[in-house]
Amino acid sequence: MRPVSGTMLLVSAVLTSPALAGAFTGAVPVDVALARYLVVAGVSWVLLTVAYEWFWSEPPARAAESSPSVADGTDAS
């Protein structure tokens, strides 16, 4: 997954929405809200990359499945 993608930016914005809203209203300093957003963006990128690898990538082909075996009744010679 790319480090900067729409999904990652959206997830980060949703997770830090209270801090971003507080920065907009003046309840939270802007630098604190941006720091929280950047930390969450990094964590979101890592978690989304791991989730992509686990759930949406093709499993590696196994060498044992492609070679003939004696249990199949095939002759290896």
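Here, every reference points to the structure presented above.
Residues numbered from 1 in each chain as written. Predicted model: local features only at pLDDT ≥ 70, side-chain atom pairs only at ≥ 80, totals over all residues. Heavy atoms only, no water.

This part is about the overall build of the protein. For the protein, the helix and strand inventory stands at four helices and zero strands. Along the protein, from the amino end to the carboxyl end, the secondary structure elements read α-α-α-α. Put simply, the protein has 77 residues, and 17% of those count as buried. Here the protein displays about 6,100 Å² of accessible surface, and carbon together with sulfur accounts for 69% of that area. (Helix = DSSP H or I, 4+ residues; strand = E, 2+ residues; numbered from the N terminus. Buried < 20%, exposed > 50% of the residue type's maximum accessible area, 1.4 Å probe, protein only. Areas by Shrake-Rupley, 256 points an atom, 1.4 Å probe, with all protein chains shown as cover.)

The description of an aromatic ring pair rests on the distance of the ring centres and on the angle between the ring planes. For the structure shown, the criterion picks out one aromatic pair. Their ring planes at 75° and their centres at 5.9 Å tell us that Phe 55 and Trp 56 sit as a pair that is edge-to-face. Judged by relative accessible area, Phe 55 falls into the exposed class, the value being 60%. (Phe/Tyr/Trp six-rings, centres within 6.5 Å; stacked < 30°, edge-to-face > 60°.)

Moving on: helix H3 (residues 30–55). The end-to-end C-alpha distance of H3, which contains 26 residues, comes to 36 Å, matching closely the 38 Å that a straight helix rising 1.5 Å per residue would cover. Residues Ala 33, Tyr 37, Ala 41, Ser 44, Thr 49 and Ala 51 constitute the buried set of H3. Elements that come into contact with the buried residues of H3 comprise helix H1 (6–15) and helix H2 (17–25). (Expected span 1.5 Å × (residues − 1). Contact = heavy atoms within 4.5 Å.)

Where nonpolar side chains cluster on the molecular surface, the patch consists of Trp 45, Val 46, Val 50, Tyr 52, Trp 54, Phe 55 and Trp 56 and spans about 820 Å² of accessible area. Note that Trp 45 resides in helix H3. Trp 45 gets classed as partly exposed once you look at its relative accessible area, which sits at 31%. (Patch = residues over 30% accessible without salt bridge, like charges linked within 9 Å, V, L, I, M, F, W, Y side chains within 5 Å. Salt bridge = Lys/Arg side-chain N within 4 Å of Asp/Glu carboxyl O.)

By themselves these figures say nothing about function.
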